[in-house]
Amino acid sequence: MRILAIETSCDETAAAVVEDGVKVLSSAVATSAAMHEKYGGIVPEVASREQLKCIIPTIEEAMKPHKNGVNVSVYQCIGDTIDAIAVTVGPGLIGSLLVGVETAKTIAFVTGKLIIPVNHVLAHSYANFLINQQIQFPAISLVVSGGHTELYLMKNIKDLTWLGGTLDDAAGEAFDKTARLLGFGNGGGAAIQEASSQLKIENCKLKIILPRPMMHDDSLNFSFSGLKTAILREWKKLELQGLTRSDLVINALAYEVQEAITDVLVKKTLRAAQLHRAKSLLLSGGVAANLRLREKFSTKLETLNSKLFVPPAALCTDNAVTIAAYAYFKGKQGDWHTITAVPDLSVEIPI
Ligand code: KG4
Ligand code: ZN
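The structure presented is a predicted model; accordingly, all values stated were derived computationally and were not measured.

Some points on the site of ligand 1
Neighbouring ligand 1 are 19 residues, the closest being Gly 146, Asp 176, Gly 189, Gly 286 and Asn 290. One nitrogen or oxygen atom from the main chain of Gly 147 is found 3.3 Å from an oxygen atom belonging to ligand 1. Gln 193 is positioned with one of its side-chain polar atoms (N or O) 3.0 Å from a nitrogen atom of ligand 1. Coverage of ligand 1 by the protein chains reaches 83% of its 550 Å² of free accessible surface. Only helix H7 (171-181) and helix H8 (188-198) provide two or more residues apiece to the shell around ligand 1. Element by element, the count of residues in the shell around ligand 1 is highest for H8, at four residues. When residues of the shell around ligand 1 are assigned to domains, at least three fall in each of domain 1 (2-124 + 315-329) and domain 2 (136-310).

Describing the domain arrangement of the protein chain
Its domain assignment divides the protein chain into domain 1 (2-124 + 315-329) and domain 2 (136-310). For domain 1 and domain 2, the distance between their C-alpha centroids amounts to 29 Å. Counting from both sides, the interface comprises 11 residues of domain 1 and, opposite them, 13 residues of domain 2. Interface area for domain 1 against domain 2, summed over the two sides, is near 1000 Å², with a carbon-plus-sulfur share of 65%. Sorting the residues of domain 1 by area buried against domain 2 places Val 121, Cys 316 and Phe 329 first, and these three jointly supply 49% of that buried surface. Connecting domain 1 to domain 2 are zero salt bridges. For the pair domain 1 and domain 2, the number of links is three residue pairs in polar contact (both at pLDDT 80 or more). Per-element accounting of the side of domain 1 that touches domain 2 gives the leading share, three residues, to helix H5 (residues 120-125). Looking at the side of domain 1 that touches domain 2 residue by residue, the class counts come to five nonpolar, five polar and one charged.

Overview of the coordination of the zinc ion (ligand 2)
Within the protein, the atoms that donate to the zinc ion (ligand 2) are His 120 (NE2), His 124 (NE2) and Asp 318 (OD), at distances of 2.1 to 2.2 Å. Coordination at the zinc ion (ligand 2) is tetrahedral, judged from the four donor atoms that bind it and the angles of 88 to 133° they form at the metal. Donor residues for the zinc ion (ligand 2) sit on one chain with the sequence pattern H-x3-H-x193-D. Taken as a pair, His 120 in helix H5 and Asp 318 in the loop between helix H12 (313-316) and helix H13 (321-329) lie far apart in primary sequence, 198 residues in all. The residues His 120 and Asp 318 share a single accessibility class, namely buried.

Quick word on the packing of aromatic side chains
Scanning the entire structure with this criterion turns up eight aromatic pairs. Arranged with centres 6.4 Å apart and planes meeting at 25°, the rings of Tyr 126 and Phe 329 form a pair that is stacked. Of this pair, Tyr 126 sits in the loop between H5 and helix H6 (127-131) while Phe 329 sits in helix H13, and the two are 203 residues apart along the sequence. This pair shows no difference in class: Tyr 126 is buried, exactly as Phe 329 is. Aromatic side chains Phe 129 and Phe 329 sit 6.4 Å apart centroid to centroid with 55° between the ring planes, which places their arrangement in the tilted category. Of the two residues, Phe 129 is situated in helix H6 and Phe 329 in helix H13; the sequence distance between them amounts to 200 residues. For the residue pair Phe 129 and Phe 329, the accessibility class agrees, reading buried in each case. One aromatic cluster is present, formed by Tyr 126, Phe 129, Phe 137, Tyr 326, Tyr 328 and Phe 329 through successive ring pairs.

Procedures and definitions
- Residues numbered from 1 in each chain as written.
- Chains lettered and ligands numbered in written order.
- Predicted model: local features only at pLDDT ≥ 70, side-chain atom pairs only at ≥ 80, totals over all residues.
- Heavy atoms only, no water.
- Near = heavy atom within 4 Å.
- Polar contact = N/O pair within 3.5 Å; in protein donor to acceptor, adjacent residues only side chain to side chain.
- Areas by Shrake-Rupley, 256 points an atom, 1.4 Å probe, with all protein chains shown as cover.
- Helix = DSSP H or I, 4+ residues; strand = E, 2+ residues; numbered from the N terminus.
- Domains from an automatic or database assignment.
- Contact = heavy atoms within 4.5 Å.
- Buried area = accessible area lost by both parts, 1.4 Å probe.
- Salt bridge = Lys/Arg side-chain N within 4 Å of Asp/Glu carboxyl O.
- Nonpolar A, V, L, I, M, F, W, Y, C, P; charged D, E, K, R; others polar.
- Donors = N, O, S within 2.8 Å, 3.2 Å for Na, K, Ca; no water.
- Tetrahedral: all angles 85-135°; square planar, octahedral: opposite > 155°, others 65-115°.
- Buried < 20%, exposed > 50% of the residue type's maximum accessible area, 1.4 Å probe, protein only.
- Phe/Tyr/Trp six-rings, centres within 6.5 Å; stacked < 30°, edge-to-face > 60°.

Dropping the structure here:
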């Protein structure tokens, strides 16, 4: 089955064609990230206007290889080569979602193809099945991105149960906000990771300790919003000791932010893995790119007899390939008359 998937939940506009859930035939992603740089974050209105401009060219790019050089319209090509259209319906920014959903509905109407609505957050987990089809169950899936930090139990490829998630800021959001406090602009988690790697921890005499929120409670929920105030408090303490802003201070603060966030993510995820005797641990979402997080998981998992899976970066961040994979393995056919964008779509109940 060949699925054309469309993803526009945040500031990316993506389209991809995937066969039988795992064979990627084409993938195109356009982002308006650079346009948000000067505002210090994503401006929803700017994102959706850009998406309006690039949705058709992005779909055309994804369909290009399927035209085989024949000069037919994109609709004709979809009609001839595609079996179903999958589209992210939520959660996400309303203006952005509408661009993808209305485009997908129009294509489904014009071509008479099936349409499959997809929950964007749940779909992140399926990036793992694109790289490895030998994943053993039960599996614990940690979706950790700029907007979400969610834990799921997968009893099989179709059976997904939400176990817990963040009560406030997502882990990626915590990286992004603290990165801004430290002066890294919109560099986010990647900038924190880079700064941390500059620190020679064994020679560092600075005493910086940030809290590990909710790390020791019994739930599988997270809370990262307190880190912003905590980091400002630590910074103030350093100033009182006469330490002014320097590369050393910034790198040491970045190091401790990364340690705090990754400690909590690892601890909670391993608790879930132990509770459910997981044979596999699946990471996805932009924060899965973090090398310290991967390192900690790899070390700890050795004792659990559980295997770690992490997709390549392009499949961790927002893309349409994972939307197609989810649609194939777990999606349910919808009706284009009734499908609609749902910005606050629950991440707890799979659709
Ligand atoms: O999945 P994603 O591309 O978009 C959302 O759906 O949110 O995730 C973006 C998030 C940002 O918060 C960014 O700071 C974070 O992923 N991120 C990282 C790293 N690379 C990207 N966080 C920690 N370490 C990284 N190396
Ligand atoms: Zn995402």
